[in-house]
Amino acid sequence: MITIEINGDSRQVPDRMTLTALLEWLKIPRDRVAVERNLEIVPKGDWDTVVVAERDRLEIVHFIGGGR
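Conventions and cut-offs
- Residue numbers run consecutively from 1 along every chain, following the written order of its sequence.
- Restriction of local features to residues with pLDDT of at least 70 applies here, the model being predicted, together with a cutoff of 80 or more for giving and counting side-chain atom pairs; totals for whole chains, interfaces and linings are based on all residues.
- Excluded from the side-chain calculation are hydrogens and water; included are all heavy atoms of the structure.
- A helix here means a DSSP run of H or I that spans at least four residues, while a strand means a run of E at least two residues long, and both kinds are numbered starting from the N terminus.
- Exposure is judged per residue with a 1.4 Å probe applied to protein chains only, and the accessible area is read against the type maximum: over 50% gives exposed, under 20% gives buried, and values in between give partly exposed.
- Here, the term nonpolar core denotes a set of buried Ala, Val, Leu, Ile, Met, Phe, Trp, Tyr and Cys residues that are joined through side-chain atoms within 4.5 Å.
- Throughout, a residue-residue contact means that at least one pair of heavy atoms, one from each residue, lies within 4.5 Å.
- Within this document, salt bridges are pairs made up of a side-chain nitrogen of Lys or Arg and a carboxyl oxygen of Asp or Glu, the two lying within 4 Å of each other.

Draft legend 1. Summary view of the overall build of the chain. Counting secondary structure elements, the chain contains one helix and five strands. Helices and strands in the chain line up, N terminus first, as β-β-α-β-β-β. Based on the C-alpha atoms only, the size of the chain along its principal axes is roughly 45 × 25 × 20 Å. Taking all 68 residues of the chain together, 31% fall into the buried category.

Draft legend 2. Structural detail: the nonpolar core. Counting residues in each nonpolar core, the largest one holds 18 residues, and the members touching the most others are Ile-4, Leu-19, Leu-22, Leu-58 and Ile-60. Counting residues per element, the ones that place at least two in this core are strand E1 (2-6), helix H1 (19-25), strand E3 (33-37) and strand E5 (57-62). With near-sequence residues (within four places) excluded, Leu-58 lies in contact with Ile-4, Glu-5, Ile-6, Asn-7, Leu-19, Leu-22, Val-35, Glu-36, Arg-37 and Val-52.

Draft legend 3. A look at the pattern of salt bridges. Applying the stated criterion across every chain yields a total of two salt bridges. For the salt bridge of Arg-37 with Asp-56, the shortest nitrogen-to-oxygen distance reads 2.8 Å. You can see Arg-37 sitting in strand E3 and its partner Asp-56 sitting in the loop between strand E4 (40-42) and E5, a full 19 residues away along the chain. With relative accessibility at 5%, the residue Asp-56 sits in the buried group.

Read these as spatial facts, not as claims about activity.
Below, the structure is given as structure tokens:
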């Protein structure tokens, strides 16, 4: 297990997970989120290859529909 920060909270997660695997592990649907890793937006096309590392700081932003 490694320690990372997700949206300001310290979390223990399995080591060597890609962003795709992490989102699945957290049960977060991938179709309505954006991910920032260490202050840089990670393109959705890179989620299968970017591996989360010890002390990474992630911001996972959920898109919410609405309006007219």
